[in-house]
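Coordinate analysis (summary)
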Amino acid sequence: MTAQILELINVVADGTAATKDEAIREAGELLVAAGAVTQAYVDSMFDREASVSTYMGNFLAIPHGTNEAKESILHSALSLVRYDTPIDWDGNPVRFAVGIAGLNNEHLAILSKIAIVFSDEDEVEKLIDAADAGEMYSLLEEVNAE
Amino acid sequence: MTTTSTDTKSGGGARVHVQRFGTFLSGMIMPNIAAFIAWGLITAFFIPTGWTPNESIAKMVGPMIVYLLPLLIANTGGRMVYGVRGGVIATIATMGVIVGSEIPMFIGAMLVGPLSAYLLKKLDGLWAGKIRPGFEMLVDNFSSGILGAILALAAFFGIAPVVTAFSTALEGGVNWLVANHLLPLASILVEPGKVLFLNNAINHGVFTPIGVQQVAESGKSVLFLIEANPGPGLGILLAFTFFGVGLARASAPGAIIIQFLGGIHEIYFPYVLMKPMLILAAIGGGMTGVAINVAFQTGLRAPASPGSIFAVLLQTAPDSYVGVILSVIGSAAVSFLIASVILRSSRKRDLENGEDGDLSAAVSKTEAMKGKSSSVLSGLAAAGTTDAAAAAAAGHQLSNIVFACDAGMGSSAMGASVLRNKIKKAGLTGITVTNQAIANLDGTADLVITHQDLTARAQQKSPASVHVSVSNFMNSPKYDEVVDLLQSKADSEATL
């Protein structure tokens with residue numbers, strides 16, 4: 001169930017974006033590529049970002065669309081991109097961008113795992129030190145197993 | 001004074017328990033006093049023997065006392081144990097007792113209400129934090145719906161007969177005192193209880209339920225006057241006005257206004273606590289008042305609350321004015337005489353000792369007596385939170401916490417997960433944390449947590465909730481403040 005929402009293929013260990021806008025686009029395109037959302041959803045992610053920053057704290061940002069753009073979601077999916085160089089996210093350093101497309105709260109189980117991982121600074125450190133996407137994915141899986 | 005403090009100490013444990021229980025009982029009744037007054041007024045005016053009889057309006061009287069008042073009490077009792085959910089299930093279950101019995105079910109409501117809420121709390125505890133996100137509402141509604149139906153059935157078959165029997169026995173006890181002209185003896189227990197701040201528990205917990213039944217039968221009850229008669233307190237305060245020393249003497253006239261006219265009896269308790277012998281004056285006055293009312297066969301038609309002379313006269317049955325007024329005057333006179341003798345005999349010594357009547361010490365003793373409920377709550381606001389919203393939360397129920405953000409899809413869901421995790425780790429139960437889009441807030445959340453940029457919008461949508469702003473959803477110090485707040489709240493409630 002959770003595997004369907006966040007698939008290993010949507011976890012990227014070395015993101016290429018250097019700015020916030022590029023990072024939002026990168027997260028959005030992963031969701032488009034997964035067939036989860038249409039291009040319109042990616043545009044709404046910028047609208048959402050313009051209203052209130054999606055910076056969450058602990059190096060994490062969670063770009064996602066607006067309430068109105070939920071129609072552009074085909075199925076629930078998450079993407080996770082890590083950046084070696086912190087991205088300036090409205091003045092905050094971001095190392096991880098989680099792109100979210102959520103319908104009917106299907107994504108909440110995995111998102112809540114991610115939240116709990118990221119609320120623990122030691123776990124964040126492990127994610128930063130992870131060798132590749134596979135290791136990042138399994139760090140999140142460990143939480144799943146608990 | 002030394003002897004008093006020793007007495008207080010040795011009797012402390014039991015007293016604290018009795019008082020907590022009393023606080024709990026009166027806590028169920030006090031918020032609903034308005035409904036009692038409304039019922040009392042409608043009854044006074046419109047029943048066949050009322051001031052302006054009206055048959056169709058009087059139809060309200062029955063349903064109000066059979067359903068409205070007990071259900072309100074049950075709901076309040078349930079809320080005290082387990083928030084809004086507790087209140088709902090308490091009300092459901094109490095329907096079983098009401099329909100299952102012939103008499104107004106006040107004691108049944110006070111028993112079944114909190115018990116049902118407690119059972120639901122335990123049931124919720126079984127799967128707290130184990131429900132998949134998004135399913136909480138479904139599980140919550142069906143678990144309390146099913147348990148509510150079962151409890152209502154159990155109450156209908158099991159508890160109603162027991163409560164009927166208990167109520168009959170209690171009523172029999174009071175009736176026995178009445179029949180044997182011994183009702184004045186009740187003052188020996190009532191007056192000391194009052195001064196220990198059990199006044200509301202005694203009046204609303206014991207006398208009001210039985211009294212209301214007597215009213216249903218005979219249109220009035222003397223029981224409403226046993227505790228609420230402002231006479232004994234007036235006599236004691238008058239004695240201080242004339243024969244007291246220092247601060248106690250200077251403050252007594254003002255206290256009379258608050259006590260006799262305003263009906264706040266608590267104001268004279270410190271005066272008795274600082275001279276415990278004065279309890280004899282209160283008992284004497286109380287017995288006199290009851291005796292006069294028994295002799296004249298007078299009573300009130302509804303509880304006089306607060307126990308002000310105005311409330312007493314407003315609720316006096318039309319045929320009872322002479323007896324009731326005499327009972328107030330008589331009880332004041334007797335307590336004044338006894339208190340005067342006590343005060344005069346110790347006056348010289350008090351003056352020599354330069355004791356200001358020790359009022360300030362007695363006041364602080366009174367505050368300690370009052371139990372922890374209020375002081376804990378006010379202290380709670382100061383302890384560990386710097387947040388104005390959290391401080392405001394001190395008096396609130398906090399069982400329903402909602403994280404809100406624009407879409408209800410991302411940040412609020414993550415914030416809710418983090419806080420839920422922290423609450424679970426702190427071992428707290430009975431608290432739900434959910435997330436929503438701000439647009440979907442329906443005003444029922446106890447506490448709403450939002451990003452600082454969105455708090456203003458959330459406040460508009462849910463004005464009755466306490467609002468907390470965060471800037472960092474992952475690692476906000478506010479979460480720990482909220483958990484601390486919940487923890488101390490749980491601690492203080494657990495001791496009830």
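Our structure's up above, just so we're on the same page.
To keep things clear, this report deals only with the structure shown in the data block. Along each chain, the written sequence defines residue order, and numbers are assigned to residues from 1. Chain labels run from A onward and ligand labels from 1 onward, assigned in the order the entries are written. Two thresholds apply to this predicted model, a pLDDT of at least 70 for residue-level local features and 80 or more for giving and counting side-chain atom pairs, whereas whole-chain, interface and lining totals are computed over all residues.

Further remarks concern the overall build of chain A. Helix numbers and strand numbers start at the N terminus; a helix is a DSSP run of H or I with at least 4 residues, a strand a run of E with at least 2. The helix and strand inventory of chain A stands at six helices and five strands. Along chain A, helices and strands appear, N-terminal first, in the series α-β-α-α-β-β-β-β-α-α-α. Each residue is classified by how many other C-beta atoms fall within 10 Å of its C-beta atom, where C-beta atoms are placed from the backbone; a count of 20 or more means buried, 12 or fewer means exposed, and values in between mean partly exposed. Within chain A, buried positions represent 47% of all 146 residues. Two residues qualify as being in contact provided that their C-beta atoms, derived from the backbone, are within 7 Å of each other. A sequence separation of at least 24 residues applies to 69% of the contacts in chain A between residues at least 6 apart.

Residue and element names in this part refer to chain A. Pairing between strands requires that DSSP locate at least two bridges from one strand to the other. Spatially, five strands are ordered 1-4-5-3-2 in an open sheet, and the strand pairing comes out mixed. Either end of the sheet is taken by a strand with one partner, and the two such strands are strand 1 (11-12) and strand 2 (55-57). Strand direction decides the pairing type here: strand 4 (residues 77-89) and strand 5 (residues 92-101), joined by nine bridges, are antiparallel. Residue pairing in the sheet places tryptophan 89 in a bridge with asparagine 92 of strand 5.

The buried fraction of helix 4 (residues 108-118) of chain A amounts to 10 of the 11 residues, a majority that puts the element mostly inside the structure. Of the residues making up helix 4 of chain A, those classed as buried are Leu108(A), Ile110(A), Leu111(A), Ser112(A), Lys113(A), Ile114(A), Ala115(A), Ile116(A), Val117(A) and Phe118(A).

Attention now moves to unusual backbone geometry. All names here are of chain A. We note that phenylalanine 59 has phi near 70 degrees; this positive angle belongs to a residue other than glycine. Positionally, phenylalanine 59 belongs in the loop between strand 2 and strand 3 (60-61). Take phenylalanine 59: there are 24 C-beta atoms within 10 Å of it, and that puts it in the buried class. The backbone of aspartate 90 sits at a positive phi, close to 55 degrees, despite the residue not being glycine. Residue position: aspartate 90 is located in the loop between strand 4 and strand 5.

Taken together, the contact pairs 25 residues of chain A with 22 residues of chain B. At the level of elements, helix 3 (39-51), strand 2 and helix 4 of chain A are the ones that each hand at least two residues to the side of chain A that touches chain B. For the side of chain A that touches chain B, the element with the highest residue contribution is helix 4 of chain A, accounting for eight residues. Note that Gly is not counted as nonpolar here; it falls among the polar residues with everything else outside the nonpolar set of Ala, Val, Leu, Ile, Met, Phe, Trp, Tyr, Cys and Pro and the charged set of Asp, Glu, Lys and Arg. For the side of chain A that touches chain B, a count of residues per class yields 12 nonpolar, 12 polar and one charged.

In summary, the side chains of a regular strand alternate between the two faces of the sheet. Residues and elements named next belong to chain A. Along strand 5, eight of the 10 residues are buried, which leaves the element largely enclosed by surrounding structure. Note that strand 3 and strand 5 share two bridges and pair parallel. Directly across from alanine 61, in strand 5, lies its bridge partner alanine 97. Linking two consecutive strands that pair antiparallel, namely strand 4 and strand 5, is a turn of two residues; a positive phi of about 55 degrees is found at aspartate 90 within it.

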